[in-house]
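If you want the building blocks of each chain, they are given just below.
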Amino acid sequence: EAKANGRGRLQVFAGELDNAVRDRRALEQDLREALNGGTGLTLAYQPIYDTVTGSILGAEALVRWEHTSRGRLSPDKFIGLAEERGLINQLGLWVLRTAGTYALTSDIPWVAVNVSPVQFRDDRFAQHVFAMLEEIGLPPQRLEIEITEGLLLQNSPGIQQTLRTLRAGGIRIALDDFGTGYSSISYLRTYGVDKLKIDQSFVAQLGRDTEVDSIVRAIIDLAKAMNMTVTAEGVETVGQRGLLEKLGCGQLQGYLLSRPMPAEALTDLLRDATRQSA
Ligand code: C2E
Ligand code: MG
Ligand code: MG
Ligand code: MG
């Protein structure tokens, strides 16, 4: 009885696993088609604001996938898959080119693009990026690349060289989700990073947990000491904004200020902002 039951459960489990594998293969195939056909993938742009003046400094590009049957998919539904199935380089270059092209046609001072650690395994990554910038005619100063702490932790000479090349060529490097990984001050010094982005999990606890307030203060002070700028991610409340301003955090990003939006909406927003200040 118990045995039969156990086997039954195992069969159900195996069946589910089967379905999951099939589902993932189908999604992979769809992603290949989206990448090759150039349809379905889009970028949303979320402005990043100057804390004190309230003006838009730049925008982060966030990839979206309008899947024909599954609807709009957020990056956590397909970035991992792209990384595992060898599609991230193609996807990543598409994001860089699309965001770069957008920057050229709008008044946005710079765009920030998330780059997967897997893309950095390609020794020609920096070369590809500069070739693309030259081809479209975007100055490197108008591009920011967001990496995660895990990348620095790999402590590989190739990655160090790539980051050095990117920065030497004028591209800024931002450390995303800062505080959630394992970066040490010595890594920050070795690699050289232009910006820290305080992870939204800290921002969410601001003003509610004095320990978190102190951590955020420490991150901001560390950034100042090392000549880096700081962006707070996930700012949702007026209270958080007030505290971040008081602590001297230079840049803010979050739903309170603006949600990620289609390119055209950001272009309109920038135009309105220019008109108001004129
Ligand atoms: P991230 O780079 O840390 O991006 C911030 C995420 O927080 C975005 O989610 C954004 O929509 C969301 N967000 C912004 N403001 C707020 C807020 O006030 N409250 C809350 N709760 N969330 C906020 P999204 O667009 O779903 O992206 C998730 C992650 O996917 C990104 O985290 C990034 O790591 C990755 N990602 C996005 N686009 C790309 C891409 O083109 N390439 C790669 N490799 N990864 C990407
Ligand atoms: Mg990011
Ligand atoms: Mg982040
Ligand atoms: Mg994140």
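A brief look at the structure comes next. (Residues numbered from 1 in each chain as written. Chains lettered and ligands numbered in written order. Predicted model: local features only at pLDDT ≥ 70, side-chain atom pairs only at ≥ 80, totals over all residues. Heavy atoms only, no water.)

1. Some points on the overall build of the protein
Counting its regular elements, the protein contains 11 helices and 10 strands. Taken over the C-alpha atoms alone, the protein extends approximately 75 × 50 × 40 Å along its principal axes. Counting all 278 residues of the protein, 43% fall into the buried class. Looking at the protein as shown, the accessible area adds up to about 14500 Å², and 51% of this sits on carbon and sulfur atoms. Distance between charge centroids for the protein: 2 Å, based on 30 positive and 35 negative side chains. (Helix = DSSP H or I, 4+ residues; strand = E, 2+ residues; numbered from the N terminus. Buried < 20%, exposed > 50% of the residue type's maximum accessible area, 1.4 Å probe, protein only. Areas by Shrake-Rupley, 256 points an atom, 1.4 Å probe, with all protein chains shown as cover. Lys, Arg positive; Asp, Glu negative; His and termini not counted. Charge placed at Lys NZ, Arg CZ, Asp CG, Glu CD.)

2. Here we look at the packing of helix 4 (residues 125-136) against helix 6 (residues 157-168)
The interhelical angle for the contact between helix 4 and helix 6, taken along N-to-C directions, is 20 degrees, at an axis separation of 9 Å. Judged by the angle between their axes, helix 4 and helix 6 are roughly parallel. Read as a crossing pair, helix 4 and helix 6 show a hand that is right-handed. Facing helix 4, whose interface residues are Phe125, Ala126, Val129 and Phe130, helix 6 presents Thr162, Thr165 and Leu166. Residues of the contact of helix 4 with helix 6, tallied by class, amount to five nonpolar, two polar and no charged. (Axes fitted to C-alpha atoms, helices over the stretch in contact; angles between N-to-C directions. Parallel < 35°, antiparallel > 145°, perpendicular 65-115°, else oblique. Left-handed = near helix turned anticlockwise from the far one by under 90°. Contact = heavy atoms within 4.5 Å. Nonpolar A, V, L, I, M, F, W, Y, C, P; charged D, E, K, R; others polar.)

3. A look at the site of ligand 1
Around ligand 1, the structure places 21 residues, and the nearest of them are Arg64, Asn114, Asp176, Glu236 and Tyr255. The separation between an oxygen atom of ligand 1 and a polar side-chain atom of Arg64 is 2.8 Å. Expressed as a share of its isolated accessible area of 800 Å², the protein-covered part of ligand 1 is 81%. Looking at the shell around ligand 1, the element that brings in the most residues is strand 2 (residues 56-67), giving four residues. (Near = heavy atom within 4 Å. Polar contact = N/O pair within 3.5 Å; in protein donor to acceptor, adjacent residues only side chain to side chain.)

4. Section: the coordination of the magnesium ion (ligand 3)
Protein-derived ligands of the magnesium ion (ligand 3) are Asp176 (OD), Asp177 (OD), Glu233 (OE) and Glu233 (OE), with the metal-ligand distances lying across 2.1 to 2.4 Å. Taken as an interatomic distance, the gap from the magnesium ion (ligand 3) to the magnesium ion (ligand 2) is 4.2 Å; Asp176 donates to each of them. Placement of the pair is Asp177 in strand 6 (residues 172-178) and Glu233 in the loop between strand 8 (229-232) and helix 10 (238-247), with a sequence separation of 56 residues. (Donors = N, O, S within 2.8 Å, 3.2 Å for Na, K, Ca; no water.)

5. Some details on the side chain of His67
With respect to the helices and strands, the residue His67 is situated in strand 2. Relative accessible area serves as the criterion here: at 7%, His67 is assigned to the buried category. Residues within four places of His67 in sequence aside, it is in contact with Leu27, Asp30 and Leu73.

6. Notes on a nonpolar patch on the surface
Taken together, the side chains of Leu10, Phe13, Leu17 and Val21 define a hydrophobic patch exposed on the protein surface, amounting to about 400 Å² of accessible area. Within the secondary structure, Leu17 sits in helix 1 (residues 2-37). (Patch = residues over 30% accessible without salt bridge, like charges linked within 9 Å, V, L, I, M, F, W, Y side chains within 5 Å. Salt bridge = Lys/Arg side-chain N within 4 Å of Asp/Glu carboxyl O.)

7. A word on the pattern of salt bridges
If charged atoms from side chains of opposite charge come close, those side chains can pair. Counted according to the given criterion, the structure contains 16 salt bridges. For Asp18, the salt bridge goes to Arg22, with nearest N and O atoms at 2.8 Å. Of this pair, Asp18 and Arg22 both sit in helix 1, four residues apart, roughly one helical turn. Here Asp18 falls in the partly exposed class, since its relative accessible area comes to 44%.

8. A word on the pairing of strand 5 (residues 143-148)
For strand 5, a buried count of five out of six residues is recorded, marking the element as mostly surrounded by other parts of the structure. Traced from strand 4 (residues 111-114) through helix 4 to strand 5, the parallel crossover comes out right-handed. Looking at chain direction, strand 5 and strand 6 are connected through five bridges and run parallel. Opposite Glu144, over in strand 6, you have Arg172 as the bridge partner. (Right-handed = clockwise from strand over helix to strand, strands pointing away. Pairing = 2+ DSSP bridges.)

9. Side note on the layout of surface pockets
Counted as a void, the largest pocket has a volume near 940 Å³. Around the largest pocket, the lining is made up of 36 residues, and of these Glu60, Leu62, Pro75, Asn114 and Asp176 lie nearest the centre. Where the lining of the largest pocket is concerned, the elements lending two or more residues are strand 2, helix 2 (79-84), helix 3 (88-105), strand 5, strand 6 and helix 8 (200-205). Top element by residues in the lining of the largest pocket is strand 2. It accounts for five residues. Class assignment of the residues belonging to the lining of the largest pocket gives a composition of 13 nonpolar, 13 polar and 10 charged. (1 Å grid on protein atoms, 1.4 Å probe; cavity = no way out; pocket = protein on both sides within 12 Å on 5 of 7 lines; lining within 4 Å. Points joined across faces, edges and corners; volume = space filled by probe spheres on them.)

Interpretation note: all reported values are geometric properties and have no functional meaning in isolation.
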